[in-house]
Amino acid sequence: MKWEVVIGLEIHTQLATASKIFSGASTTYGAPPNSQACLVDLGYPGILPVLNEQVVRMAIKFGLATNCKISRRSVFARKNYFYPDLPKGYQISQYELPIVSGGHIDIVLDDGEIKTIRITRAHLEEDAGKSLHENFHGASGIDLNRAGTPLLEIVSEPDLRSAMEAGIYMRKIHTLVRYLGISDGNMQEGSFRCDANVSIRLKGDKKLGTRTELKNLNSFRFVEKAIEIEVERQIEILEEGGHIVLETRLYDSDRNETRPMRSKEEANDYRYFPDPDLLPLVIEDALVDELKDSLPELPDAKRVRFVKEYELSDYDAGVLTANLETADYYEEAVRSTTVASPKLVANWVQGELAAALNRDGLDIAEAKVASAELGLLAERIEDGTVSGKLAKEVFERLWHDGGSIDDIIEQRGLKQISDSGTIEKLVDDVLAQNPTQLEQFRGGNEKVIGFFVGQIMKASDGKANPKQVNAILRKKLNE
Amino acid sequence: MSLNREDIEKLCFLARLEVTIDEMPDVESKLSDIVKLIDQLQAVDTASVTPMAHPLDREQRLREDRVTESDEREQIQLNAPLVERALYLVPKVIE
Amino acid sequence: MHDRTLALLADDLAARRVSAVELTEHFLQRIEQFDAQLNAFVTVTRDEALAQAAVADKRLAAGNATPLTGIPIAHKDIFCTQGVKTSCGSKILDNFISPYDATVVSRLRDAGAVMLGKTNMDEFAMGSSSETSFYGAVRNPWDHELVPGGSSGGSAAAVAARMVCGATGTDTGGSIRQPASLSGITGFKPTYGRVSRYGMVAFASSLDQAGTLTRTAEDAALMMQVMAGFDERDSTALTDPVPAFSSALETPWQTITIGVPENFFDDGLDEGSAQAIRDALRVFERLGATIKDVHLEHVHLSVPVYYVVASAEASSNLSRFDGVRYGHRAENIDNLTELYMRTRGEGFGAEVKRRILTGTYVLSAGYYDAYYLQAQKVRQLISDDFARAFADVDFLMGPTTPTPAFGIGQKMDDPIQMYLNDIYTIGANLAGLPALSVPCGFSGGLPVGLQLIGAHLSEPALLKVAHYFQLETDWHTRVPAAYA
């Protein structure tokens, strides 16, 4: 393809504070309309904003985690425009002097290549309310509960070259803010959303093409699909000799198309100026140092450590560290057993556990098998008490009915047969019952070993220790 | 710099402020006088001056992250011209 | 009763020579008698006042009163008062009942001061004559054909006509000092941030400061003691401790150096006023002050800087008045843009519209650097001029206004002439300095005000100097004949 795609993302992540960025109203999601919009959020005459300490700490943490510069002095500005979900007629944001700027993060592409994406800036701002259009006989209803909710807007450089890269980058930021504990990242509730600036140019061109800004991208899948569809649209226009109009477009997920936003048609002049109600935000080195020391282990570091400490593949470590809860679950499981290998535990977390969570639509925090139980189950596999195959049955019972692992193994008779005398007898019986196959083996057909193992396992109701079965079978066959 | 009627109409739209046809001549002449007044600033050499946003050189104070406000919607909405199901009503918003 | 100052009445209340209810009834009666001709009040809160006075009397009897307990005051209608209309002199807030109290209001209420009502003002405090109010012009008690000054003209007229003991005001470019000067009373604007702006309808946030309109500096000190101080709801409120203002007045006179900005005695200054100011300076010389000429190099640019900065901030501050959550809303509306444009077009008066448009202009793309940023830089130069002066002198003194009160309607058609009224007062707002105006004589039978400006946080010294002047002179005791 002769076209190169150029994408920059603006991610709005809601900061996980108890109260709003400039008021003491609650940020809890889903409250009755306007019940959490206090006089400050409503832009009442005479009210004034006072900055929430937590949002400052959270922004600094993000900056530290993304190799950014933390501005020792930043300024809040007013972005002036009229919209019903914006009570004051201006949004308090940061413009010329954001709190965080000039950093970068690495993303791992599907082919394993590591790519560095530059972060232009991250700034603090207040969210707007919501307009509801249903059942108001031609009017819109305004709910201002969300107005004043703290946002960190994370702006990337136009370093992303495909919809897939954009998706990977967005996931990476999502992982990061959750690791840092600064956002719940809940996309259904709008806590993590994204606008994408998309343009295309001929490969080799230095100059950027005219971009469009895609709004309303509130899932990873939508980001990828919207960019794909927008890139197709732009290519088609340029190949037909047309030109791209600089505009804001809304992604319609139902129709999988982008269309211009009518409300943004008029060229806006936001008349930014420093908010006279807020003084310059000055950040002392001591605070930055304190937060630097308090940073949790970040995803990249954790992945490297998992590879080293638990002898996992890079892929396994990547999957297990993709979110903090999974990584923590895994480590707790590993630490609960001195017998089971970390690799075995990793297989179970990514296998049975992930499947069960997926099937029941649960988060790992809601897993019905606790991490220590999964560790113990792996230990029972490792010490030969139960076979890997029957352990799946134990897991299922545990998941659905609870109880203790050892009781389940005992009561359901799932205990592995590891007594060599018993196994020898099983082997002898199977060999005796299948003289034809034995002849074939003697004739040089090694494949029938599999047949014998199958028969022996069947005869033991799957309980015979497969390793021992194998060893004893080979010994007998070679006698 | 001076302002013509078209400039003023643009400003009126930016400020979402209706100026009627009757008011316009007065607005036009008075705004032009005001622009003349503020144009005096252009003559001042400020090349090395830092802009002053606040009268005192102080820093932003931070508020503890604590919920201090309770639900006073009913009381507050007594001032609202048009409310339905606790929502403020406006003519349909087109996105 | 009404010829006594706030301080004297506080003594009377404390000594139980008069009750709060008696005092309140007396002043309410004066409002009833005189306000029809002055139009100083937008709202009179008779019932609430009497109830508050009764509570004040209980407090006085119980011995847990403050010096302001039982003192009848009025608030400029820019301060939010819970359950009482807060109009800011505008049609757009004509139906607005505030659900909360401004910090100034709650502090004075907690101290036991009795609110008699809300005073008239220029719409959104934009004006120097109190003529731009939706509720009509306020009249000067010294001559009903003249303006009382503005924007706190209702408060000034109410105090000058002895309808209240003291009143609150706000000063963005002179809106306390200028009406005090034109009405023959004492007007005090503290250091920016000394008094909380919470609950004060914002005009220009980086300039607005609440203060007092009273008969004397001593009265101002009593009110300031209650109003001043940190407020966690205002990010720009100063955290500095509040000094004891009243006791500062009692300290012995100390030698001071007074700077007189020569630029304040330019061609625009009325000769009679100039003479009154020179006489006042002689009083200070007699007290042992050294007088020095100072030159404030950029202060002549105060007016253009102010009209850029204040209008810019105002254009943004007033965007919230959109007819959605409170206030006036236009009817028969088809779409959102029309709702905004007509609501605001109908709700705001001509002067407010001009300021919004000016502010929108100076912030708009292509003009921001030339106007807004340039004004911020010149503001810095003006502020630096003051700082340099205060390295050399303790106070600056000069006229508050170029002329005494002017005629109603006289300057309404010439905004620039109106703006130039504030030429001597704006500097203190741009630099955030405390300043006050005290009566210092008459020109053509009309009061003249002497302006005193101090360095940041010099309120105690400033009030003390004004107090000593008032011990030496009796201009502050003069009352318009009709209101004696």
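Quick summary incoming for the structure in this document. Here the structure is a predicted model, which means the values were calculated and not measured.

Our next topic: the interface of chain A and chain B. Listed per partner, the contact involves 55 residues of chain A and 34 residues of chain B. For the chain A and chain B pair, buried surface summed over both sides reaches about 4000 Å², with 59% attributable to carbon and sulfur atoms. Taken together, the links from chain A to chain B amount to zero salt bridges. Linking chain A with chain B are 25 residue pairs in polar contact (both at pLDDT 80 or more). The set of elements that each furnish at least two residues to the side of chain A that touches chain B consists of strand S2 (51-52), helix H1 (53-65), strand S9 (130-132), strand S10 (139-143) and strand S17 (281-282) of chain A. With five residues, the single largest contributor to the side of chain A that touches chain B is S10(A). In the side of chain A that touches chain B, the residues fall into 29 nonpolar, 17 polar and nine charged. As judged from the two bridges shared by S2(A) and strand S1 (residues 62-63) of chain B, these two strands associate in the parallel manner.

Here the focus is the sheet that holds strand S7 (residues 100-108) of chain A. All names here are of chain A. The strand order S3-S7-S8-S11-S1-S12-S13-S14-S15 describes an open sheet built from nine strands, whose pairing is mixed. Lying at the two open borders of the sheet, with one neighbouring strand each, are strand S3 (69-70) and strand S15 (257-260). Of the pairings in the sheet, the one linking S7 to strand S8 (residues 114-126) comprises eight bridges and is antiparallel in character. Looking at the pairing, Ser-101 lines up with Arg-121 of S8. Across the face of the sheet, helix H2 (residues 163-179) comes into contact with strand S1 (3-14), S7, S8, strand S11 (150-156), strand S12 (192-202) and strand S13 (212-217) while running at roughly 115° to S7.

A few words on the interface of chain C and chain B. Counting residues at the interface gives 72 residues for chain C and 50 residues for chain B. In this structure, the connection of chain C to chain B is made through five salt bridges. Here B:Lys30 makes a salt bridge to C:Asp413, at a shortest N to O gap of 2.8 Å. Inspection of the chain C/chain B interface yields 18 residue pairs in polar contact (both at pLDDT 80 or more).

Residue and element names in this part refer to chain A. Two elements in contact, helix H13 (residues 435-442) and helix H14 (residues 448-459), have axes separated by 9 Å at closest approach and are oriented at 145°. Relative to H14, the crossing made by H13 is left-handed. Across the interface between the two elements, Gln-437, Leu-438, Gln-440 and Phe-441 from H13 touch Val-448, Ile-449, Phe-451 and Phe-452 from H14. Class assignment of the residues belonging to the contact of H13 with H14 gives a composition of six nonpolar, two polar and no charged.

To continue, consider empty space enclosed by the protein. Applying the stated criterion across every chain, the model contains four cavities of 30 Å³ or more. By volume, the largest cavity amounts to about 100 Å³. Considering the residues around the largest cavity, the lining is formed by 16 residues, among which A:Phe22, A:Val40, A:Pro49, A:Lys88 and A:Ile92 are closest to the centre. A per-class count over the lining of the largest cavity returns eight nonpolar, two polar and six charged. One number sums up the size of the second largest cavity: a volume of about 60 Å³. Along its surface, the second largest cavity is lined by C:Met126, C:Gly127, C:Thr132, C:Glu351, C:Arg354, C:Arg355, C:Lys411, C:Met412, C:Pro415 and C:Met418. Elements represented by at least two residues in the lining of the second largest cavity include exactly helix H12 (350-363) and helix H14 (415-419) of chain C. Among the elements that take part in the lining of the second largest cavity, H12(C) stands out by supplying three residues, more than any other.

All names here are of chain C. Closest axis-to-axis distance for the helix H7 (residues 217-227)/helix H16 (residues 459-472) pair is 8 Å, and the angle between their directions is 150°. On H16, the residues touching Ala-217, Glu-218, Ala-220 and Ala-221 of H7 are Leu-463, Ala-466, His-467 and Gln-470. Of the residues belonging to the contact of H7 with H16, the class tally is five nonpolar, two polar and one charged.

On to the layout of surface pockets. All names here are of chain A. Volume-wise, the second largest pocket comes out at about 1400 Å³. Elements with a minimum of two residues in the lining of the second largest pocket: S7, H2, helix H5 (299-310), helix H6 (314-320), helix H7 (324-335) and helix H8 (342-360). Taken together, the residues of the lining of the second largest pocket break down into 18 nonpolar, eleven polar and ten charged. Split by domain, the residues of the lining of the second largest pocket number at least three in each of domain 1 (3-291) and domain 2 (297-411).

Attention now goes to the pattern of salt bridges. All names here are of chain A. Under the counting rule described, the total for this entry stands at 70 salt bridges over all chains. For Asp-401, the salt bridge identified is with Arg-397, shortest N-O distance 3.1 Å. Taken together, the positions of Asp-401 and Arg-397, both in helix H10 (residues 388-401) and four residues apart, correspond to about one turn of that helix. Under the relative-accessibility criterion, Asp-401 is labelled exposed at 56%.

Attention shifts here to the sheet that holds strand S5 (residues 76-80) of chain A. Residue and element names in this part refer to chain A. Taken together, three strands build an open sheet; the order of strands is S6-S5-S16 and the sheet is antiparallel. With partners counted over all chains shown, the strands left at the sheet margins are strand S6 (90-94) and strand S16 (273-274), one partner each. Where S5 lies against S6, five bridges are found, and the strand directions are antiparallel. What sits directly across from Phe-76, in S6, is Gln-94.

Turning our eyes to something else, we now look at the nonpolar core. Judged by nonpolar contacts, the single largest core of 203 residues is most densely connected at C:Phe124, C:Phe284, C:Phe386 and C:Leu452. Sort the elements by how many residues they give to this core and helix H13 (residues 368-390) of chain C lands first, with ten residues. With residues near it in sequence (within four places) discarded, C:Leu452 still touches C:Phe284, C:Leu396, C:Met397, C:Pro434, C:Ala435, C:Leu436, C:Val438, C:Leu462, C:Val465 and C:Ala466. Core analysis: the next-biggest nonpolar cluster, separate from the first, contains 67 residues, A:Leu51, A:Ile117, A:Phe192 and A:Val223 among them.

Before going further, it helps to examine a negative patch on the surface. A cluster of like negative charges, contributed by A:Glu228, A:Glu232, A:Glu236, A:Glu239 and A:Glu240, occupies part of the molecular surface. Take A:Glu236: it is sitting in helix H3 (residues 220-239).

Cut-offs applied
Residues numbered from 1 in each chain as written. Chains lettered and ligands numbered in written order. Predicted model: local features only at pLDDT ≥ 70, side-chain atom pairs only at ≥ 80, totals over all residues. Heavy atoms only, no water. Contact = heavy atoms within 4.5 Å. Buried area = accessible area lost by both parts, 1.4 Å probe. Salt bridge = Lys/Arg side-chain N within 4 Å of Asp/Glu carboxyl O. Polar contact = N/O pair within 3.5 Å; in protein donor to acceptor, adjacent residues only side chain to side chain. Helix = DSSP H or I, 4+ residues; strand = E, 2+ residues; numbered from the N terminus. Nonpolar A, V, L, I, M, F, W, Y, C, P; charged D, E, K, R; others polar. Pairing = 2+ DSSP bridges. Axes fitted to C-alpha atoms, helices over the stretch in contact; angles between N-to-C directions. Left-handed = near helix turned anticlockwise from the far one by under 90°. 1 Å grid on protein atoms, 1.4 Å probe; cavity = no way out; pocket = protein on both sides within 12 Å on 5 of 7 lines; lining within 4 Å. Points joined across faces, edges and corners; volume = space filled by probe spheres on them. Domains from an automatic or database assignment. Buried < 20%, exposed > 50% of the residue type's maximum accessible area, 1.4 Å probe, protein only. Core = buried A, V, L, I, M, F, W, Y, C linked by side-chain atoms within 4.5 Å. Patch = residues over 30% accessible without salt bridge, like charges linked within 9 Å, V, L, I, M, F, W, Y side chains within 5 Å. Areas by Shrake-Rupley, 256 points an atom, 1.4 Å probe, with all protein chains shown as cover. Lys, Arg positive; Asp, Glu negative; His and termini not counted. Charge placed at Lys NZ, Arg CZ, Asp CG, Glu CD.

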